[in-house]
Amino acid sequence: MCCTNHVDSLIVSTEAHFVNNTIYLCHTNCNLLNVGTLESHLTTVRQWVDVHPYDVVSILLVNSNFVDVGNYTSPIQNSGLGQYVYTPP
């Protein structure tokens, strides 16, 4: 995966498709290219962060298909990344 230094950037730029209450990462059409769920990919990132607790990872989610932003909360929380999310004071 990524991230061997102390500050790394992971940019996730996908077309999010919301199907059956699940965000899938697809290109144009999920029948054309479906790389799985957002939650699955965020879980992989969380597993890496667990092993590298002093490194920083920035994730930019591009929502070009205008999936309601409230639908992103569950995949972030369910992946376990919620505990690492920076919340400004």
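Cut-offs applied
- Residue indices begin from 1 for each chain and proceed along its sequence in written order.
- At least 70 in pLDDT is required for a residue's local features to be given in this predicted model, at least 80 for side-chain atom pairs to be given and counted, and no such filter applies to totals for whole chains, interfaces and linings, which use all residues.
- The basis for every side-chain value is the complete set of heavy atoms in the structure, and neither hydrogens nor water enter the calculation.
- Disulfide assignment relies on a single distance test, namely cysteine sulfur atoms paired within 2.5 Å.
- We call a residue buried when its accessible area falls under 20% of the maximum for its residue type, exposed when it is over 50%, and partly exposed in between, using a 1.4 Å probe and counting protein chains only.
- Paired strands are those between which DSSP finds at least two bridges.
- Numbering of helices and strands runs from the N terminus, with a helix taken as a DSSP run of H or I at least four residues long and a strand as a DSSP run of E at least two residues long.
- Per residue, pLDDT measures the predictor's confidence, with a range of 0 to 100.

A.B. asks: Any details on the state of the cysteines? Residues and values, ideally.
C.D. replies: Going through the model one piece at a time under the given rule, you end up with one disulfide. Here Cys26 connects covalently by a disulfide to Cys30, the sulfurs 1.9 Å from one another. In this structure the cystine formed by Cys26 and Cys30 twists about its S-S bond by roughly 85°; its chirality is therefore right-handed. With relative accessibility at 5%, the residue Cys26 sits in the buried group.

A.B. asks: Quick one: what's the story with the pairing of strand β2 (residues 22-27), residue by residue and with numbers?
C.D. replies: Bridging between β2 and strand β3 (residues 29-37) involves three bridges; their strand directions are antiparallel. For Cys26, the partnering residue across the bridge sits in β3 and is Asn34. The hairpin formed by β2 and β3 contains one residue between the paired strands, and Thr28 there has a positive phi angle of roughly 65°.

A.B. asks: Pulling in residues and values, what's your account of unusual backbone geometry?
C.D. replies: Of note, Asn21 is a non-glycine position whose phi angle comes to about 60°, a positive value. Within the secondary structure layout, Asn21 lies in the loop between β1 (7-19) and β2. A relative accessible area of 69% means that Asn21 is categorised as exposed. The phi torsion at Phe66 lies on the positive side, around 60°, for a residue other than glycine. Structurally, the position occupied by Phe66 is in the loop between β4 (56-63) and α2 (73-79). Exposure remark for Phe66: the relative accessible area of 73% places this residue in the exposed category.

A.B. asks: So what's going on with the confidence of the model for the protein? Which residues, and what values?
C.D. replies: Taken over all residues, the pLDDT of the protein has a mean of 83, while the share at 70 or more is 84%. The secondary structure element of the protein with the lowest average pLDDT is β1, at 70, and the one with the highest is α2, at 95.

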